[in-house]
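Breakdown of the fold
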2 protein chains.
Amino acid sequence: MRPTTKDLAEAAGVSLATVDRVLNERPNVSNKVTLKVTEAIERIGFVRNPAAVALARNKTYRFRFVLPTSGDQYLAELIARVSEAREALRADATEVEIAQIAMSDPHQIAKYLTGIDHDAMDGVAVMAPESPQVRDALLRLVERGVKAVQFLSGQERLENADYVGVDNFAAGATAGKIVGSFTGGRPGKIMIVAETMMALDSIQRRLGFDSIINARFPHLESLPSLETYGDEKRADLIIQRTLQHNPDTVAVYVLSSEARVPLTAVWNTQGARALTVVAHERTPFSEQALMDERIDAVIAQDPGHAVRSALRIMRARSDHREPLASQERIRIEVLLKENLQFE
Amino acid sequence: MRPTTKDLAEAAGVSLATVDRVLNERPNVSNKVTLKVTEAIERIGFVRNPAAVALARNKTYRFRFVLPTSGDQYLAELIARVSEAREALRADATEVEIAQIAMSDPHQIAKYLTGIDHDAMDGVAVMAPESPQVRDALLRLVERGVKAVQFLSGQERLENADYVGVDNFAAGATAGKIVGSFTGGRPGKIMIVAETMMALDSIQRRLGFDSIINARFPHLESLPSLETYGDEKRADLIIQRTLQHNPDTVAVYVLSSEARVPLTAVWNTQGARALTVVAHERTPFSEQALMDERIDAVIAQDPGHAVRSALRIMRARSDHREPLASQERIRIEVLLKENLQFE
DNA sequence: CAAGTTTTGAGGTGCGCACCTCAAAATTCG
DNA sequence: CGAATTTTGAGGTGCGCACCTCAAAACTTG
């Protein structure tokens, strides 16, 4: 039979009240007794029954995902995964909320974060672009006891917050390796498109991409990054112009999670000319394009995994436990037509 | 406040005893009352508190992984992940065991499975080669109430057991796509090596591989599968002979999870000649070879994920819950030097 | 309608722990 | 040394549910 607190008290030669004091780090316990108890814990292999703890504490956890409003398909997928997790966690006395706020103004984001009632919130997962204001606001939240997760976002990593997401330099490098390998030694140019190069993640991906192209595929040349600013007309224009100026373009790499606009522009001007195309994130659009062989590879980070990982981390931190690192690493996935799996 | 069984009883206009009968599917409840209760559950949004259930039931779950004895590095990794999970689940009243048995004789495996005490076991995850005896033994286990998972193995899928692992045809196809794309249009032969082609998973990978090579890369020719039978001497011999007979070999595809023996043989005879090399499973060996750029890509299924998935499934089945399919899909990972991540 | 059967209710116990109170014992300090 | 302070123990309550018993009520059936 598994030892209970009662067994532990007996083994340590102390009372249940003292065991309780040690286990829950209550004040007024002598070092001597603390030692006796911790020693007994080791000796008899006592492990707290989490079910009993949860029941006795009768606490409900409250976590919130702070996401952008302006939505590409990846964001929609993300929200769907959060909703899924919300349902699944309802049973476990865990409330999961989604807040969508405009990400254009850093002050706005900071203000929102500052306004969060830290007594009613156990953890927040924030997906927001890098800015000092946001960083400060997040730090203040952490100081007030709210567990924070930097979520899939191009922010500078904070010391006292967890990060969920991939290494974007490595993701870019992976894209570079794929582009270089798939073009089969043909020399030429690579067109690189982003929504904006203001985001840290885009910059890191570009750096990773270039590092591989330069080192391993010197016969390829990465063109300067084109920025669409999410504007369809603008995208059409600059992409068309770039392709015409560079008839020896052999590949396209889309840095941002929204690939529809730039790639539609490419296909409109390009016709059926063979281009190696690599994009980021699995969305209905990229899925379809992979199936149609109009995209060769997608570099992805699984949103479902990311959401669950963020929740597990916030939960662990709330319980003063260490999250299991090996489980929380988000993989850089390489999706081809062949290993796309549906359900 | 979250509704309890008491609230539910009140809302349904029945007693707590009746609520208990409905919730736990005890006999002697009229349809009328069952309906009243289920309706009330919907109406007030009642959700059982799993912590309270676990505490009241005070049940310990017992799951066992049945794995092969003869061990390549992937098996070692798998065992490490099971041990990790065992520690993590100790708190949750879940005992995880590992049994290693010789997989050479199907009767032996079947006998072992049949010998499992079905009263003391809630679920088994079996990694064993295909055979009618094993299939029968597994079915009988299931009939006796033990939840079964076909674990990373080349068995024919059973109706009343869950499967954890990748689609091996797709995995082979993915390997084919990588080989075809990475060889850059050079015509030539592909050497294919397996430990044995008796295993269903090897066959399926080969079929998937060929389907892509034939359809998309007709300038490449897949050679007949070489079988090492795990014998180093034999591997050296047949691989050396094959390479000499086929000087136009441009790629090597290792079907089995143990790639060390065949690839060492290849490198010994081949010297520094440029070959595209694709293997399966992430192991210390394949990791190192990826870093050294002696392997170009590894097709992998994450053993940690597989183990946790099997455990979640067995746990869900034991509780008569449906596992969350989207979370349990094992991905076919494509690992390159660039997206290897350590921790 | 009586005797049997099925269905429902009332009530209790215990799972393992957190959290609380009050008193007794041990220690510290002036 | 006595008084103030800290440490320890004893004991109780409740978290939400499963599981049990016994009796009462509601249906069947011949």
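Values in this document were obtained by computation on a predicted structure and should not be read as measured data.

Side note on the overall build of chain A
Within chain A, the regular secondary structure consists of 14 helices and twelve strands. Overall, chain A is about 85 × 40 × 35 Å in size when its C-alpha atoms are taken along their principal axes. For chain A, the residues scored as buried account for 53% of the 343 residues in total. Long-range pairs, those at least 24 residues apart, make up 71% of the contacts in chain A with a sequence separation of at least 6. Carbon and sulfur atoms make up 51% of the accessible area of chain A, which totals about 15,500 Å². Distance between charge centres in chain A, computed from 42 positive and 46 negative side chains, equals 4 Å.

Focus on the pairing of strand β3 (residues 123–126) of chain B
Residues and elements named next belong to chain B. Taking every second residue as pointing to the same face, both faces of β3 are buried, with Gly-123 and Ala-125 on one and Val-124 and Val-126 on the other. By the bridge criterion, four bridges tie strand β1 (residues 61–68) to β3 in an arrangement that is parallel. Looking at the pairing, Phe-65 lines up with Ala-125 of β3. One crossover worth recording links β3 to the parallel strand β4 (residues 147–151) by way of helix α7 (residues 132–143), and it is right-handed.

A closer look at the protein's contact with DNA strand D
Around DNA strand D sit 26 residues in total, of which Thr18(A), Ser30(A), Val33(A), Thr5(B) and Arg48(B) are the nearest. Per the 4 Å cut-off to the protein, sugar and phosphate atoms form 68% of the nearby atoms of DNA strand D. Interatomic distance of 3.2 Å between a side-chain N/O atom of Asn58(A) and a sugar or linking oxygen of DNA strand D. The contact in question runs from a phosphate oxygen of DNA strand D to an N or O atom on the side chain of Asn24(B), over 3.2 Å. At the level of elements, α2 (16–23) and α4 (50–57) of chain A together with α4 (50–57) of chain B are the ones that each hand at least two residues to the surface near DNA strand D. Among the elements that take part in the surface near DNA strand D, α4(B) stands out by supplying four residues, more than any other. Tallied by class, residues from the surface near DNA strand D come to eleven nonpolar, ten polar and five charged.

Focus on the relation of the copies chain A and chain B
Overlaying chain A with chain B gives an RMSD of 0.1 Å, the required rotation being 180° about an axis along which the chain moves by 0.0 Å. What the rotation and shift describe, once combined, is the action of a two-fold rotation axis. For chain A, the residue whose C-alpha comes nearest the rotation axis is Gly184(A), separated from it by 1.8 Å. A share of 100% of the interface residues of chain A reappears at the interface of chain B, consistent with the copies meeting face to face through the same patch.

What to know about the environment of His107(A)
Residue and element names in this part refer to chain A. Among the secondary structure elements, His-107 is positioned in helix α6 (residues 106–114). Expressed as a C-alpha distance, the spacing of His-107 and Val-134, which sit 27 residues apart in the sequence, is 7.4 Å. There is a polar contact of 3.5 Å between the side chain of His-107 and the side chain of Gln-133.

Re the sheet that holds strand β5 (residues 162–164) of chain B
Residue and element names in this part refer to chain B. Strand order in this open sheet of five strands is β2-β1-β3-β4-β5, and the pairing throughout is parallel. The open sheet has two edge strands, β2 (94–101) and β5, and neither has a second partner. Mean inter-strand twist for the sheet, computed between neighbouring axes without regard to direction, equals 20°. Examined bridge by bridge, β3 and β4 share four bridges and lie parallel to one another.

Quick look at the nonpolar core
Counting residues in hydrophobic clusters, the biggest one holds 100 residues, and the most contacted among them are Phe65(A), Phe151(A), Ile190(A), Phe65(B), Phe151(B) and Ile190(B). Residue contacts for Phe151(A): discarding those within four places in its chain leaves Phe65(A), Leu67(A), Leu78(A), Ala125(A), Val126(A), Met127(A), Val164(A), Ala306(A), Val307(A) and Ala310(A).

A few points about the domain arrangement of chain A
All names here are of chain A. With domains assigned, chain A is organised as domain 1 (5–56), domain 2 (59–165 + 303–330) and domain 3 (168–300). On a C-alpha basis, the centroid separation for the pair domain 2 and domain 3 is 30 Å. At the junction of the two partners, domain 2 supplies seven residues and domain 3 supplies ten residues. Summed over both partners, the interface of domain 2 with domain 3 buries about 760 Å², with 55% contributed by carbon and sulfur atoms. The three residues of domain 2 that bury the most area against domain 3 are Asp-72, Gln-73 and Tyr-74, which together make up 62% of that side's buried surface. For the pair domain 2 and domain 3, the number of links is zero salt bridges. At the surface where domain 2 touches domain 3, the tally comes to three residue pairs in polar contact (both at pLDDT 80 or more). Of the residues belonging to the side of domain 2 that touches domain 3, the class tally is two nonpolar, three polar and two charged.

Cut-offs and rules
- Residues numbered from 1 in each chain as written.
- Chains lettered and ligands numbered in written order.
- Predicted model: local features only at pLDDT ≥ 70, side-chain atom pairs only at ≥ 80, totals over all residues.
- Heavy atoms only, no water.
- Helix = DSSP H or I, 4+ residues; strand = E, 2+ residues; numbered from the N terminus.
- Buried < 20%, exposed > 50% of the residue type's maximum accessible area, 1.4 Å probe, protein only.
- Contact = heavy atoms within 4.5 Å.
- Areas by Shrake-Rupley, 256 points an atom, 1.4 Å probe, with all protein chains shown as cover.
- Lys, Arg positive; Asp, Glu negative; His and termini not counted.
- Charge placed at Lys NZ, Arg CZ, Asp CG, Glu CD.
- Pairing = 2+ DSSP bridges.
- Right-handed = clockwise from strand over helix to strand, strands pointing away.
- Near = heavy atom within 4 Å.
- Polar contact = N/O pair within 3.5 Å; in protein donor to acceptor, adjacent residues only side chain to side chain.
- Nonpolar A, V, L, I, M, F, W, Y, C, P; charged D, E, K, R; others polar.
- Least-squares fit on C-alpha atoms with pLDDT ≥ 70 in both.
- Axes fitted to C-alpha atoms, helices over the stretch in contact; angles between N-to-C directions.
- Core = buried A, V, L, I, M, F, W, Y, C linked by side-chain atoms within 4.5 Å.
- Domains from an automatic or database assignment.
- Buried area = accessible area lost by both parts, 1.4 Å probe.
- Salt bridge = Lys/Arg side-chain N within 4 Å of Asp/Glu carboxyl O.

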